[in-house]
Amino acid sequence: MNQEKQKPKIYSAEFRASSVKLALDSDLPIAQTAKDLGINPNTLHTWINKYSQPKVPNKSERNDEHLYDELKRLKKEVIRLTEERDLLKKAAAYFAKEQR
C-alpha cells in the first residue's frame, strides 16, 4: 500500500483574513464556520488567534503619516532645486553673453 502524505494546503492572506472575519462576525460556532469553509477547525482557531493579537509596533517601521510628510518635504525640495537650476542656467547664459 502506498500512503502518500497530503501536502498542507496554502491559503491566501485574503482568504485567511476573510475567514477570520466571517468566523468572528457569524453567530455559528467556529467549528461550523470552518466546516462550511472546508478548512480544519484548528486551522481557523490558529488564524483567529494570529489575526486577533494586537500588533506590536516595530520602531523601524514607518507609518503612512511619516511617508506623506516626507513626500511633501521632497516635493518642496524638488521645486527649490528646479528653481535654483533655472536661475543658474540664466546666470550662465548671461555671463556667456558678456564674454563675447
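Everything here concerns the structure above.
The numbering scheme is per chain: residues are counted from 1 as the chain's sequence reads. Predicted model: local features are reported for residues with pLDDT of at least 70 only, side-chain atom pairs are reported and counted for 80 or more only, and whole-chain, interface and lining totals are derived from all residues. Excluding hydrogens and water, the side-chain figures rest on all heavy atoms present in the structure.

Would you explain the overall build of the protein chain in this entry?
Secondary structure elements follow DSSP: runs of H or I of four or more residues count as helices, runs of E of two or more count as strands, with numbering from the N terminus. The helix and strand tally for the protein chain stands at four helices and zero strands. Mapped in sequence order, the helices and strands of the protein chain form the string α-α-α-α. With 100 residues in all, the protein chain has 9% of them scored as buried. Pairs at least 24 residues apart make up 50% of the contacts formed inside the protein chain by residues separated by at least 6 positions. Taken as a whole, the protein chain presents about 9600 Å² of accessible surface, with 56% of it coming from carbon and sulfur. Between buried and exposed lies partly exposed: a residue is buried under 20% and exposed over 50% of the maximum accessible area for its type, with that area taken using a 1.4 Å probe on protein chains only. The criterion used for residue contact is that any of the two residues' heavy atoms lie within 4.5 Å. Computed by Shrake-Rupley with a 1.4 Å probe, the accessible areas treat only the displayed protein chains as cover when residues are assessed.

Which parts of the structure should I look at to understand helix α3 (residues 41–52)?
An α-helical segment advances 3.6 residues per turn. Residues three or four places apart therefore align on the same side. Between the first and last C-alpha of α3 there are 16 Å, a value that for twelve residues agrees with the 16 Å anticipated at 1.5 Å per step. Looking at α3, one finds that the buried residues are L44, W47 and I48. Buried residues of α3 fall within an arc of 100° about the axis and therefore sit on the same side. Opposite the buried face of α3, by more than 90 degrees, sit the exposed residues N42 and K50. Working rule for helices: expected span equals 1.5 Å times residues minus one. Throughout, the arc means the angular range of directions from the helix axis out to the C-beta atoms.

What exactly am I supposed to notice about the packing of aromatic side chains here?
For any pair of aromatic rings, the description consists of the separation of the ring centres together with the inter-plane angle of the planes. Note on ring pairs: Phe, Tyr and Trp rings are taken, using the six-membered ring of Trp, and paired if centres are within 6.5 Å. Classes follow the plane angle, with under 30 degrees stacked, over 60 edge-to-face and the rest tilted. This structure, assessed with the given rule, holds four aromatic pairs. On the numbers, 6.1 Å between centres and 90° between planes, the contact of F15 with W47 is edge-to-face. On the criterion of sequence distance, the pair formed by F15 in helix α1 (residues 13–25) and W47 in helix α3 is long-range, its members being 32 residues apart. Of the aromatic side chains, those joined through ring pairs into one cluster are Y11, F15 and W47. The cationic tip of K50 hangs over the ring face of Y51; the distance from NZ or CZ to the ring centre is 5.9 Å. Throughout this description, the term charge over a ring refers to an Arg CZ or Lys NZ atom that lies within 6 Å of the ring centre and within 35 degrees of the ring normal.

So what exactly am I meant to see when it comes to the side chain of S19 here?
Note on placement: S19 falls in helix α1. A distance of 2.7 Å separates a polar side-chain atom of S19 from the backbone oxygen of F15. Two N or O atoms count as a polar contact when they lie within 3.5 Å, although within protein this holds only if one can serve as hydrogen donor and the other as acceptor, and sequence-adjacent residues are included solely when both atoms are side-chain atoms.

Honestly, the environment of W47 in this entry has me stumped. Any pointers?
Residue classification places W47 among the buried positions, given a relative accessible area of 9%. Spatially, the C-alpha atoms of W47 and V20 are 6.6 Å apart, while their sequence positions differ by 27 residues.

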